[in-house]
Amino acid sequence: MNRRRFLKTASVAPAAAVASDAFAAPQAGSAMFTSKIVRLNLQHTWTTTMSSSQYRDTLHTTLTRDGITGHGEGAPIVRYHEDAAGAKSAVDGVHDLLLKQDPLHYSKLLAQVFQAIPGNWAGKAAIDIAVMDWVGQKLGVPIYTLFGLDPADTPLTTFSIGIDTPEITKQKTLEAAAYPVLKVKVGLATDEPTIEAVRSVTRKPLRVDANEGWKSKEEAVRKINWLETQGVEFIEQPLPAGMIEEQRWVRSRVHIPIIADEACQRASDIPKLKDAFDGVNIKLDKSGGLLEAHRMIEIAKSLGMKTMLGCMISSSVTVTAAAHLSPLVDFADLDGNLLISNDPFHGVRVDKGKLILPSRPGLGLTPAK
Ligand code: MG
């Protein structure tokens, strides 16, 4: 993202102000929808094949009605040509629609939002999550109950290690001692030294994300077969998203599962991926929120594919929302909130890698002190 250009055109709120503003007691009877860009600071410079940054700007929303405030968030994905200013303007464009409809008719309301907003999937997610948080609070149940799920069924989440020098990679691996499964970012020229650095300090199961970094099917097969010898459980998006035929060729020549991420944004993408990948990585910021993510999980399962819930760098709002669906999936990579230093909220927790869902109504968020 061109951050200089972006900062000239958008105001960015400090993260600490978001929770205190948002939890101010709303006036009974008044309906309100707000959106605000929030800067989240990373604990380590975050590098993948896509970019390197020390902070991320995400869009935070609130929907207030009947004395209840629902919170939403979306992390715009540069890979899909989205940024926070564009997400804010898209979301603000449906302000009147959101206040006109009864949020309890959330399926109808969110279908209308999807129709009214072209693209801007992170913006749609920020609305969907705020609406569903409001609905859960209004009905007095956690979001996992709205979907009929048992919070005891949450999977372990991985903790992600971004691309860095071998020394810092070792240090990050040691810092991740509390997490029983790690996800390591690769896809640049340093794949082998990166994995060797991790393996020099731990024998934990690893999952590897190449973020489209390998450019030929031969390179992908060579790297994946080497990674299998290093105790890697599965690989995410080895080749560029458009290389579906090459991906099918790769799949027939390796043993460990391959999960689609960049190649899989929404439900309609899944059927064509069936023979090329073993599973899909679903993210609320790609899908446009909880309802579409739930649809994707069901479609992938119906096709016999593995399911994974992932996230972008974001606060506990989006990560907690995704975690409420996690009892449905095989794998979780829900650590975006653990990588930042100024999370405005508390929500889902992680205990020895296992996701612990709040049992309060809606998302179950509380403001960070
Ligand atoms: Mg990925």
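S.K.: In this structure, what is going on with the overall build of the protein chain? I would like to understand it.
M.R.: For the protein chain, the count of helices and strands is 14 helices and 16 strands. For 369 residues, the compact-globule estimate of 2.2 N^0.38 gives 21 Å, and the C-alpha radius of gyration of the protein chain, at 20 Å, lies within 12% of that figure. Each principal axis of the C-alpha distribution contributes one length, and for the protein chain these read about 60 × 45 × 40 Å. Evaluated residue by residue, the protein chain yields a buried proportion of 59% over its 369 residues. For the protein chain, the share of sequence-separated contacts (at least 6 apart) that also reach a separation of at least 24 residues comes to 69%. A total of about 14,400 Å² of accessible surface is found on the protein chain, and carbon and sulfur atoms cover 53% of it. Looking at charge distribution, the protein chain has the averaged site of its 42 positive side-chain charges lying 1 Å from that of its 41 negative ones.

S.K.: Explanation requested: the pattern of salt bridges in the structure shown.
M.R.: Any two side chains of opposite charge can pair, so long as their charged atoms come close to each other. Taken as a whole and assessed by the stated rule, the structure comprises 20 salt bridges. Lys272 is paired through a salt bridge with Asp269; the nearest N and O atoms lie 3.3 Å apart. On the accessibility criterion, Asp269 (14% relative accessible area) is buried. In this structure, Asp351 engages Lys352 in a salt bridge whose closest nitrogen and oxygen atoms are separated by 3.9 Å. A residue is classified by how much of its surface remains accessible, and Asp351, at 39% relative accessible area, is partly exposed.

S.K.: Where do I start with the pairing of strand β7 (residues 206-209) in this structure?
M.R.: Successive side chains on a regular strand alternate, one facing one side of the sheet and the next facing the other. With burial as the criterion, each face of β7 is covered, one bearing Leu206 and Val208 and the other bearing Arg207 and Asp209. The pairing of strand β6 (residues 182-185) with β7 spans 4 bridges and is classified as parallel. Residue Lys185 lies in a different strand from β7, and its bridge partner there is Asp209. Handedness of the crossover joining β6 and β7 through helix α9 (residues 191-199): right-handed. Relative to strand β8 (residues 232-236), β7 runs parallel, the two being bridged by 3 bridges. Each bridged residue has a counterpart across the sheet, and for Asp209 the counterpart in β8 is Glu236. Tracing the backbone out of β7, into helix α10 (residues 217-229) and back to the parallel element β8 gives a crossover that is right-handed.

S.K.: What is the right way to look at the sheet that holds strand β10 (residues 279-282) in this model?
M.R.: The strands that make up a sheet are held in pairs by hydrogen bonds between backbone atoms, and each pair lies either parallel or antiparallel. An order of β5-β6-β7-β8-β9-β10-β11-β12 is seen for the 8 strands of this open sheet, with the pairing classed as parallel. Because the sheet does not close on itself, it has two edges, and the strands there are β5 (159-161) and β12 (331-332). With 3 bridges joining them, β5 and β6 adopt parallel strand pairing. Bridge assignment links Phe159 to a residue of β6, and that residue is Leu182.

S.K.: Would you mind showing me how to read the coordination of the magnesium ion here?
M.R.: Under perfect tetrahedral coordination by four donors, a metal shows angles of 109.5 degrees; under perfect octahedral coordination by six donors, it shows angles of 90 or 180 degrees. The magnesium ion binds to the protein through Asp209 (OD), Glu236 (OE) and Asp261 (OD); the donor distances cover 2.1 to 2.2 Å. Binding-site remark: the magnesium ion is held by donors from one chain whose sequence spacing is D-x26-E-x24-D. Residue Glu236 is located in strand β8, and its partner Asp261 is located in the loop between β9 (258-260) and β10; the two are separated by 25 residues in the primary sequence. Judged by its relative accessible area of 0%, Glu236 is buried.

S.K.: Any chance you could explain the packing of α9 against α10 here in plain terms?
M.R.: Remark: α9 packs on α10, axes separated minimally by 12 Å, with the N-to-C direction vectors making an angle of 10°. Judged by the angle between their axes, α9 and α10 are roughly parallel. Residues Asp191, Glu192, Ile195 and Glu196 of α9 pack against Lys223, Trp226 and Leu227 of α10. Tallied by class, the residues present in the contact of α9 with α10 amount to 3 nonpolar, no polar and 4 charged.

S.K.: Would you mind going over the packing of aromatic side chains with me for this structure?
M.R.: Given two aromatic rings, their pairing is described by the distance between the two centres and the angle made by the two planes. Tallied over the full model, the rule gives 3 aromatic pairs. Both rings, one in Phe159 and one in Tyr179, keep their centres 4.6 Å apart while their planes meet at 20°; by these two values the pair is stacked. Taken together, the positions of Phe159 in strand β5 and Tyr179 in the loop between α8 (166-175) and β6 put the pair 20 residues apart, joining distant regions of the chain. Residue Phe159 is classed as buried on the basis of its relative accessible area, which comes to 13%. According to the relative accessible area criterion, Tyr179 is buried, its value standing at 14%. Judged by centre distance (4.7 Å) and plane angle (45°), the ring pair of Phe234 and Phe331 falls under tilted. Here the residue Phe234 occupies a position in strand β8, and Phe331 occupies one in strand β12, the gap between them amounting to 97 residues. Overall, the relative accessible area of 1% leaves Phe234 in the buried class. Against the face of Trp249 rests Lys217, its NZ or CZ located 4.6 Å from the ring centre.

S.K.: Would you take a moment to explain the confidence of the model for the protein chain for this structure?
M.R.: Detail in the predicted coordinates should be disregarded across regions flagged by low pLDDT. In this model, the protein chain carries an average pLDDT of 92, and 92% of its residues clear a pLDDT of 70 or more. Long-range and interchain partners of residues 1-10, a stretch whose pLDDT sits below 50, account for 18 contacts in this model, where long-range means more than four residues apart.

S.K.: What is the right way to read the nonpolar core from this model?
M.R.: As a rule of thumb, soluble globular proteins bury nonpolar side chains together. By size, the foremost hydrophobic cluster in this structure holds 98 residues, and its most contacted members are Ile127, Leu273, Phe277, Val280 and Leu334. Take this core: its biggest share by element is 8 residues, from helix α6 (residues 121-139). The residues contacting Phe277, other than those within four sequence positions of it, are Gln237, Ile244, Gln247, Arg251, Ile258, Ile259, Ala260, Ala263 and Met305.

The rules behind each value
- Residues numbered from 1 in each chain as written.
- Predicted model: local features only at pLDDT ≥ 70, side-chain atom pairs only at ≥ 80, totals over all residues.
- Heavy atoms only, no water.
- Helix = DSSP H or I, 4+ residues; strand = E, 2+ residues; numbered from the N terminus.
- Rg over C-alpha atoms; globule rule 2.2 N^0.38 Å.
- Buried < 20%, exposed > 50% of the residue type's maximum accessible area, 1.4 Å probe, protein only.
- Contact = heavy atoms within 4.5 Å.
- Areas by Shrake-Rupley, 256 points an atom, 1.4 Å probe, with all protein chains shown as cover.
- Lys, Arg positive; Asp, Glu negative; His and termini not counted.
- Charge placed at Lys NZ, Arg CZ, Asp CG, Glu CD.
- Salt bridge = Lys/Arg side-chain N within 4 Å of Asp/Glu carboxyl O.
- Pairing = 2+ DSSP bridges.
- Right-handed = clockwise from strand over helix to strand, strands pointing away.
- Donors = N, O, S within 2.8 Å, 3.2 Å for Na, K, Ca; no water.
- Axes fitted to C-alpha atoms, helices over the stretch in contact; angles between N-to-C directions.
- Parallel < 35°, antiparallel > 145°, perpendicular 65-115°, else oblique.
- Nonpolar A, V, L, I, M, F, W, Y, C, P; charged D, E, K, R; others polar.
- Phe/Tyr/Trp six-rings, centres within 6.5 Å; stacked < 30°, edge-to-face > 60°.
- Lys NZ or Arg CZ within 6 Å of the ring centre and 35° of its normal.
- pLDDT = per-residue confidence, 0-100.
- Core = buried A, V, L, I, M, F, W, Y, C linked by side-chain atoms within 4.5 Å.

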